[in-house]
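# Analysis of the macromolecular model
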Amino acid sequence: MRKKIVAGNWKMNKTFSEAETLITEIADSLDDVDLKDAEVILCPPSLYLEMTTDVAFESNFKVGAQNIYPEDAGAFTGEISPLMLKELNVAYCIIGHSERRKYFHETNEFLLRKVDSLLKHGLRPIFCCGEVLPEREASRHFEVVKSQVEESLFHLSAEAFLNVVIAYEPVWAIGTGVTATKEQAQEMHAYIRGLISARYDETTAWETSILYGGSCNGKNARELFSQPDVDGGLIGGASLNSVEFVQIATSF
Ligand code: 13P
């Protein structure tokens, strides 16, 4: 059975003390709600990962990083490795976010290396894909997402692929307040599941969690998550508020 997942991508937000407060608030609130088997993942800036995993140890959520460099160690100033994250009990890592593709010029080929590096150490990639607005307007969104998924993930064996979570994040919906409609989300999620089925098999496709991201909030989460191929969300802005984030996490 595939997992329902709500992951909070904090991006580059919150000071140390603000992060401490938010983590505590979320942990306390999660104690009081019924998550119905859904998994909650917090992805704070890497500086706060140790503090977050310390709280997660006694709480109801898992921890993800926002980035890694695809080597175990070495002369890569400013970077962190999956080996370091593993020792901190970080379970997931966001890979291929559109902000990293755009500002740090990360290519599908480079992301393949990151995926392999994470899997080598038993961390699960949350692999982001999604088209920019001109690509959707030119009806190229399926083609774009297909190459992102194929070029960074489809070299994996079926067994390895089962550790990957996919997040469809149409770039025009990220931080804009313009959410994909439930029909647009469902259409793309079903398409991605079809790609997995064609490359691997129906069981692998059925077992893969595919999350939606892009202006998902406390008001629209339930409608989006009710779609048959939408298995939860990767939440940006709304994950910075404990009340709204926990509301989203209980929207299944
Ligand atoms: P917003 O929820 O702020 O639109 O961001 C989505 C996102 O980029 C999550 O990774």
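Overview of the structure. (Residues numbered from 1 in each chain as written. Predicted model: local features only at pLDDT ≥ 70, side-chain atom pairs only at ≥ 80, totals over all residues. Heavy atoms only, no water.)

### Quick word on the site of the ligand
Taken together, N9, K11, H97, E169, A173, I174, G175, G214, S215, L234, G236 and G237 are the residues near the ligand. One nitrogen or oxygen atom from the main chain of G236 is found 2.9 Å from an oxygen atom belonging to the ligand. The contact in question runs from an oxygen atom of the ligand to an N or O atom on the backbone of G237, over 2.8 Å. Coverage of the ligand by the protein chains reaches 94% of its 310 Å² of free accessible surface. Residue composition of the shell around the ligand, grouped by class: 3 nonpolar, 7 polar and 2 charged. (Near = heavy atom within 4 Å. Polar contact = N/O pair within 3.5 Å; in protein donor to acceptor, adjacent residues only side chain to side chain. Areas by Shrake-Rupley, 256 points an atom, 1.4 Å probe, with all protein chains shown as cover. Nonpolar A, V, L, I, M, F, W, Y, C, P; charged D, E, K, R; others polar.)

### What to know about the packing of aromatic side chains
In this description, an aromatic ring pair is defined by two values, namely the gap between the centres and the angle between the planes. Within this structure, the stated rule accounts for 8 aromatic pairs. Measuring from ring centre to ring centre gives 6.1 Å for Y69 and F110, while their planes differ by 55 degrees; the resulting arrangement is tilted. On the criterion of sequence distance, the pair formed by Y69 in the loop between β3 (62–65) and α3 (82–87) and F110 in helix α5 (residues 108–120) is long-range, its members being 41 residues apart. Just above the ring of W206 sits the side chain of R2; from NZ or CZ to the centre is 4.3 Å. A cation over a ring is seen here: R100 above F104, with NZ or CZ 4.2 Å from the ring centre. (Phe/Tyr/Trp six-rings, centres within 6.5 Å; stacked < 30°, edge-to-face > 60°. Helix = DSSP H or I, 4+ residues; strand = E, 2+ residues; numbered from the N terminus. Lys NZ or Arg CZ within 6 Å of the ring centre and 35° of its normal.)

### Details of unusual backbone geometry
Unlike most non-glycine residues, K36 shows phi in positive territory, near 45 degrees. Residue placement: K36 occurs in the loop between α1 (16–31) and β2 (39–43). The exposure class assigned to K36 is exposed, which follows from its relative accessible area of 51%. Backbone geometry at S215 places phi at a positive 55 degrees, although glycine is not the residue there. Locating S215 in the fold gives a position in the loop between β7 (210–212) and α11 (221–225). In this structure S215 comes out as buried when scored by relative accessible area, which is 17%. (Buried < 20%, exposed > 50% of the residue type's maximum accessible area, 1.4 Å probe, protein only.)

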